[in-house]
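Per-entry structural report
What follows is the residue order along each chain.
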Amino acid sequence: MADAWTPAEFEQQLRALGRYYHVHHPFQVMMYEGKLNAEQLRGWVANRFYYQVTIPRKDAALLFNCPDREVRRQWIQRILDHDGGPNAGHVSDGGIEAWIRLGEACGVPREELLDQRHVLPGVRFAVDAYINFVHTADWREGVCSSLTELFAPTAHKQRLQSWPDHYPWIDNAGLQYFRNRLTEAHRDVDHGLALTLQHFTTYEQQQRALKILKFKLDVLWSMLDAIYLAYVQHMPPYFNVEEPA
């Protein structure tokens with residue numbers, strides 16, 4: 001049986017999976033290079049919203065599975081971050097509201113985000129797979145699946161740096177979600193990473209953790225596959241199916 005990595009070695013292995021993060025997906029590359037048109041950018045915002053509204057439900061499922069009160073006390077802040085409310089401490093009243101304002105700044109009406117009319121089947125399938133995993137998994141595995149946050153600040157910084165130049169028609173106030181997450185993601189990473197390093201200590205457990213993190217990376221990449229196919233390749237679901245006369 002192989003020896004377990006030290007915590008530092010294990011963290012290095014986790015961070016190395018950043019090469020699979022969706023910042024490298026062709027759709028995201030187009031976004032940062034200013035090559036998306038308005039329809040394509042709106043399609044991404046509308047579909048990503050389904051992921052945003054699912055995150056607090058995912059975190060609630062993790063809390064349900066977690067018997068550790070101290071972990072719950074810290075983890076619940078993630079729900080407040082997204083759902084908002086008087087104790088959330090956000091000028092935008094939480095991440096979901098901030099994303100709605102992003103959508104409005106891009107030209108997607110609030111009601112079209114909330115009724116999810118633009119959500120592609122592939123995006124819904126990927127996001128639902130994620131929440132179902134956290135709902136049924138051990139809470140520590142749910143924590144591990146959140147570690148794509150290790151790589152998220154890079155994406156938020158790229159958007160804040162590139163969008164004002166490439167997409168000046170978007171009101172800068174609509175980018176508040178990305179500003180919020182620069183701080184929140186670092187805090188969440190510190191907590192989630194510490195728990196993962198604490199609880200995944202054998203070789204087998206560490207290999208399992210890598211598979212879980214890769215699964216979450218697959219979820220994010222698959223979402224963009226569906227979006228790229230629909231909005232860049234102009235092949236939305238059933239595009240080649242003839243409607244009955």
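Here, every reference points to the structure presented above.
Figured I'd write up the structure that's included with this text. Note that the coordinates shown come from a computational prediction; the quantities given were computed from them, not determined experimentally.

Digging into the overall build of the protein chain
Of regular secondary structure, the protein chain possesses eleven helices and zero strands. Seen in sequence order, the protein chain has helices and strands lined up from the N terminus as α-α-α-α-α-α-α-α-α-α-α. Its C-alpha atoms give the protein chain a radius of gyration of 19 Å, near enough to 18 Å, the size a compact globule of 245 residues would have. The dimensions of the protein chain, computed from C-alpha atoms along their principal axes, are 60 × 45 × 35 Å. The proportion of buried residues among the 245 residues of the protein chain is 50%. Considering only contacts in the protein chain between residues 6 or more positions apart, those separated by 24 or more positions represent 77%. On the protein chain, roughly 11900 Å² of surface is accessible, and the fraction owed to carbon and sulfur atoms is 52%. Computed over 25 positive and 30 negative side-chain charges, the separation of the two mean positions in the protein chain equals 3 Å.

Points about unusual backbone geometry
The phi dihedral of Gln116 falls on the positive side, at around 60°, and the residue is not glycine. Checked against the element boundaries, Gln116 lands in the loop between α6 (110–114) and α7 (121–136). The exposure class assigned to Gln116 is partly exposed, which follows from its relative accessible area of 22%. Positioned with a positive phi, His234 is a non-glycine residue whose angle comes to about 55°.

Details of helix α4 (residues 69–83)
End to end, α4 covers 21 Å across 15 residues, agreeing with the expected 21 Å (1.5 Å per residue, within 8%). Looking only at α4, the buried set comprises Val71, Trp75, Arg78, Ile79, Asp81 and His82. Residues of α4 that are buried sit in contact with α3 (38–65), α5 (95–106), α8 (139–145) and α10 (176–199). A side-chain oxygen of the first residue of α4 lies 3.0 Å from the backbone nitrogen of Glu70; this N-cap is Asp68.

Digging into the environment of Gln205
For Gln205, the position within the fold is in helix α11 (residues 203–231). Overall, the relative accessible area of 31% leaves Gln205 in the partly exposed class. A sequence separation of 64 residues divides Gln205 from Glu141, and the C-alpha atoms of the two residues are 9.8 Å apart. Excluding anything up to four places from it in sequence, Gln205 contacts His199 and Phe200.

Side note on the packing of aromatic side chains
Evaluation of the coordinates by the stated rule reveals twelve aromatic pairs. On the basis of an interplanar angle of 90° and a centroid distance of 5.9 Å, the ring pair of Trp99 and Phe178 is categorised as edge-to-face. Note that Trp99 is positioned in helix α5 and Phe178 in helix α10, a separation of 79 residues in sequence. Owing to a relative accessible area of 0%, Phe178 belongs among the buried residues under this scheme. Their ring planes at 80° and their centres at 5.5 Å tell us that Trp163 and Phe178 sit as a pair that is edge-to-face. In this pair, Trp163 is assigned in helix α9 (residues 152–166) and Phe178 in helix α10, connecting sequence segments 15 residues apart. Site record: aromatic cluster; members linked through ring pairs are Trp44, Trp99, Trp163, Tyr167, Tyr177 and Phe178. When the ring centre of Trp75 is taken as origin, the NZ or CZ atom of Arg78, which lies over that ring, is 3.5 Å away. Against the face of Tyr50 rests Arg124, its NZ or CZ located 4.7 Å from the ring centre.

A short note on the packing of α3 against α4
Relative orientation of the contacting elements α3 and α4 amounts to 160°, with a least axis distance of 9 Å. For the element pair α3 / α4, the angle class is roughly antiparallel. By crossing handedness, the relation of α3 to α4 is classed as left-handed. Touching Gln52, Ile55, Pro56, Asp59, Ala60, Leu62 and Leu63 of α3 are Arg72, Trp75, Ile76, Arg78, Ile79, His82 and Asp83, all from α4.

A word on the side chain of Arg159
Take Arg159: it is sitting in helix α9. Residues within four places of Arg159 in sequence aside, it is in contact with His22, Gln28, Met31, Tyr32, Trp44, Pro164 and Phe178.

About the cut-offs
Residues numbered from 1 in each chain as written. Predicted model: local features only at pLDDT ≥ 70, side-chain atom pairs only at ≥ 80, totals over all residues. Heavy atoms only, no water. Helix = DSSP H or I, 4+ residues; strand = E, 2+ residues; numbered from the N terminus. Rg over C-alpha atoms; globule rule 2.2 N^0.38 Å. Buried < 20%, exposed > 50% of the residue type's maximum accessible area, 1.4 Å probe, protein only. Contact = heavy atoms within 4.5 Å. Areas by Shrake-Rupley, 256 points an atom, 1.4 Å probe, with all protein chains shown as cover. Lys, Arg positive; Asp, Glu negative; His and termini not counted. Charge placed at Lys NZ, Arg CZ, Asp CG, Glu CD. Expected span 1.5 Å × (residues − 1). Polar contact = N/O pair within 3.5 Å; in protein donor to acceptor, adjacent residues only side chain to side chain. Phe/Tyr/Trp six-rings, centres within 6.5 Å; stacked < 30°, edge-to-face > 60°. Lys NZ or Arg CZ within 6 Å of the ring centre and 35° of its normal. Axes fitted to C-alpha atoms, helices over the stretch in contact; angles between N-to-C directions. Parallel < 35°, antiparallel > 145°, perpendicular 65-115°, else oblique. Left-handed = near helix turned anticlockwise from the far one by under 90°.

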